[in-house]
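# Examination of the molecular architecture
Residue-level listing of the chains:
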Amino acid sequence: MTSIQSLSPYQREKYERDAALMSDYYKMSKQYTTLRSVLDILKPKYGLHSDNAFYRIRTRWELKHGKPQDKKSKAKGK
C-alpha cells in the first residue's frame, strides 16, 4: 500500500475525502434504514453529482481497505 505522504496533493485530497465519506457512510448506515436516506445526506455534503459517483468511491474503498465488518470478523477468528 502506498504511503499517504508519497501522494500528490490531488491524490491526498481525494483520499481524505473518500475516507471521510466512507466513515460517515458506515456511521449513518447504522442509523438509517435505507441507502436512499444516507445518499440524500451525503451527496450534497461531499459534492457528489450522482449515485454512481458514490458507488464507484465505495467500491474502490472497499476493495482497497475492506468493509468494517470484515475486520471485526477477522479479529474474532484469531
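In the block above lies the structure referred to throughout.
Our subject in this report is the structure included herewith. (Residues numbered from 1 in each chain as written. Predicted model: local features only at pLDDT ≥ 70, side-chain atom pairs only at ≥ 80, totals over all residues. Heavy atoms only, no water.)

### A look at the side chain of Glu-62
To keep things clear, this is the line we draw: Under the scheme used here, helices are H or I runs from DSSP no shorter than 4 residues and strands are E runs no shorter than 2 residues, and both carry numbers assigned from the N terminus. Any pair of N or O atoms that falls within 3.5 Å is considered a polar contact. Within protein, one atom must be able to donate a hydrogen and the other to accept it, and sequence-neighbouring residues count only if both atoms are side-chain atoms. Contacts between residues were defined by any pair of non-hydrogen atoms, one from each residue, lying within 4.5 Å.
As for its position among the elements, Glu-62 is in helix α3 (residues 51–65). Among the polar contacts made by the side chain of Glu-62, one reaches the side chain of Tyr-26 at a distance of 2.8 Å. Excluding residues that lie within four positions of it along the chain, Glu-62 makes contacts with Met-22, Tyr-26 and Lys-67.

### Some points on the packing of helix α1 (residues 9–31) against α3
Convention followed: Between N-to-C directions, angles span 0 to 180 degrees; the directions come from axes that are lines fitted to C-alpha atoms, helices contributing only their stretch in contact. Geometric relationships in this document are graded by angle, where less than 35 degrees denotes roughly parallel, more than 145 denotes roughly antiparallel, 65 to 115 denotes roughly perpendicular, and other angles denote oblique. The classification used treats Ala, Val, Leu, Ile, Met, Phe, Trp, Tyr, Cys and Pro as nonpolar, Asp, Glu, Lys and Arg as charged, and all other residues, Gly among them, as polar.
The geometry of α1 relative to α3 is characterised by a closest axis approach of 10 Å and an angle of 95 degrees between their N-to-C directions. Of the possible angle classes, the one that applies to α1 and α3 is roughly perpendicular. Note on element contacts: α3 touches α1 through Phe-54, Ile-57, Arg-58, Arg-60, Trp-61, Glu-62 and His-65, opposite Lys-14, Tyr-15, Arg-17, Asp-18, Ala-19, Leu-21, Met-22, Tyr-25 and Tyr-26. Broken down by class, the residue content of the contact of α1 with α3 amounts to 9 nonpolar, 1 polar and 6 charged.

### Brief notes about α1
The line we're drawing: Helices are assigned an expected span. That span is 1.5 Å times one less than the residue count. Exposure categories follow from relative accessible area, calculated using a 1.4 Å probe and restricted to protein chains: below 20% of the type maximum is buried, above 50% is exposed, and the middle band is partly exposed.
Here α1 spans 33 Å end to end across 23 residues, near enough to the 33 Å set by a 1.5 Å rise per residue. Listed as buried for α1 are Asp-18, Leu-21, Met-22, Asp-24, Tyr-25, Tyr-26 and Met-28.

### Considerations on the packing of helix α2 (residues 35–46) against α3
Helices that pack against each other are described as a pair by the angle of their axes relative to one another and the distance between those axes. Where α2 contacts α3, the two axes come as close as 11 Å, and the packing angle between them is 95 degrees. As judged from the angle between their axes, α2 and α3 are roughly perpendicular. Residues Leu-35, Arg-36, Leu-39 and Lys-43 of α2 touch α3, and the partners they reach there are Asp-51, Phe-54 and Tyr-55. The class makeup of the residues in the contact of α2 with α3 is 4 nonpolar, no polar and 3 charged.

### Re the packing of aromatic side chains
Aromatic ring pairs are defined here through the distance separating the ring centres and the angle between the ring planes. Defined as follows: Each Phe, Tyr or Trp ring, with Trp reduced to its six-membered ring, pairs with another whose centre is within 6.5 Å; inter-plane angles below 30 degrees give stacked pairs, above 60 give edge-to-face pairs, and intermediate values give tilted ones.
Evaluated as defined, the whole model comprises 4 aromatic pairs. The interplanar angle of 40 degrees and the centroid separation of 5.6 Å between the aromatic rings of Tyr-15 and Trp-61 together place this pair among those described as tilted. You can see Tyr-15 sitting in helix α1 and its partner Trp-61 sitting in helix α3, a full 46 residues away along the chain. Judged by relative accessible area, which is 28%, Tyr-15 ranks as partly exposed. Taking 5.7 Å as the distance between ring centres and 65 degrees as the angle between the ring planes, the aromatic pair formed by Phe-54 and Tyr-55 counts as edge-to-face. By way of ring pairs, the aromatic residues Tyr-25, Tyr-26, Phe-54 and Tyr-55 are connected into one cluster.

### Focus: the environment of Trp-61
Note on Trp-61: relative accessible area 14%, which makes it buried. Counting along the chain gives 39 residues from Trp-61 to Met-22, while the straight-line C-alpha distance between them is 7.8 Å. If we ignore the near neighbours within four places in the chain, the residues touching Trp-61 are Tyr-15, Asp-18, Ala-19, Met-22, Tyr-26 and Gly-66.

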